[in-house]
Amino acid sequence: MIGFAWNILLGLAWVALTGNFSGPNLFLGLLLGYLALAMIQPQLPILQGYAQRAPRVIGFVVFFIGELIKANIRVAQDVVRPEMEKAISPGVIAFPLEARSDVEITFLANAISLTPGTLSLDVSDDRRVLYIHAMYMADEAALLDDIKNMERRVLRVLR
């Protein structure tokens, strides 16, 4: 988190020093700040892992946007179909968690809830099971695989 804050500060310093307050210039400043932090990372233990984490965050964002688009299209198609009741098969599943920390579980639960068609309901007291309501339970194994894939990507970003 400290590396990200430094990256933001370096990007803003770049914008201030160049006097060009445009989006592309800010992006250039953030990119140059990232490269500078990646180069000094071996000398500063507080920045350990920052340069490796940023590409994983970008990869997760791209993956999540793709999941949002697919889920929105599926829900929209089912809403406009006359036989909507046949397409929807709601249910609740218990998803076994690999995530252990509160941050990991919260991030995964929010990512699931933000995706149309799924909603995180509760976490078990021992924090090993996440209960999820899904609109499409026709293929429970495929749903569990999709959620497991999302959890794997979340853990790659956070660990």
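Quick look at the structure, then. Treat the numbers as computed from the prediction; the structure is a model and nothing was measured.

Time to look at the sheet that holds strand S3 (residues 129-134). With respect to topology, three strands assemble into an open sheet ordered S1-S3-S2, the strand pairing being antiparallel. Where the open sheet ends on each side, the last strands, each with one partner, are strand S1 (91-96) and strand S2 (118-123). Within this sheet the neighbouring strands show an average axis-to-axis angle of 30°, counted without direction. Sheet topology places S2 next to S3; five bridges connect them, and they run antiparallel. What sits directly across from Asp122, in S3, is Tyr131. In the packing of helix H5 (residues 102-114) onto the sheet, the strands contacted are S1, S2 and S3, and the crossing angle to S2 comes to about 150°. This element, helix H6 (residues 140-158), spans S1, S2 and S3 of the sheet and lies at about 45° to S1.

Side chains Gly91, Ile93 and Phe95 of S1 all project onto a buried face; the interleaved residues Val92, Ala94 and Pro96 project onto a face where none is buried. Note that S1 and S3 share six bridges and pair antiparallel. Among the inter-strand pairings, Phe95 is bridged to a residue of S3, identified as Leu130.

Conventions adopted
- Residues numbered from 1 in each chain as written.
- Predicted model: local features only at pLDDT ≥ 70, side-chain atom pairs only at ≥ 80, totals over all residues.
- Heavy atoms only, no water.
- Pairing = 2+ DSSP bridges.
- Helix = DSSP H or I, 4+ residues; strand = E, 2+ residues; numbered from the N terminus.
- Axes fitted to C-alpha atoms, helices over the stretch in contact; angles between N-to-C directions.
- Contact = heavy atoms within 4.5 Å.
- Buried < 20%, exposed > 50% of the residue type's maximum accessible area, 1.4 Å probe, protein only.

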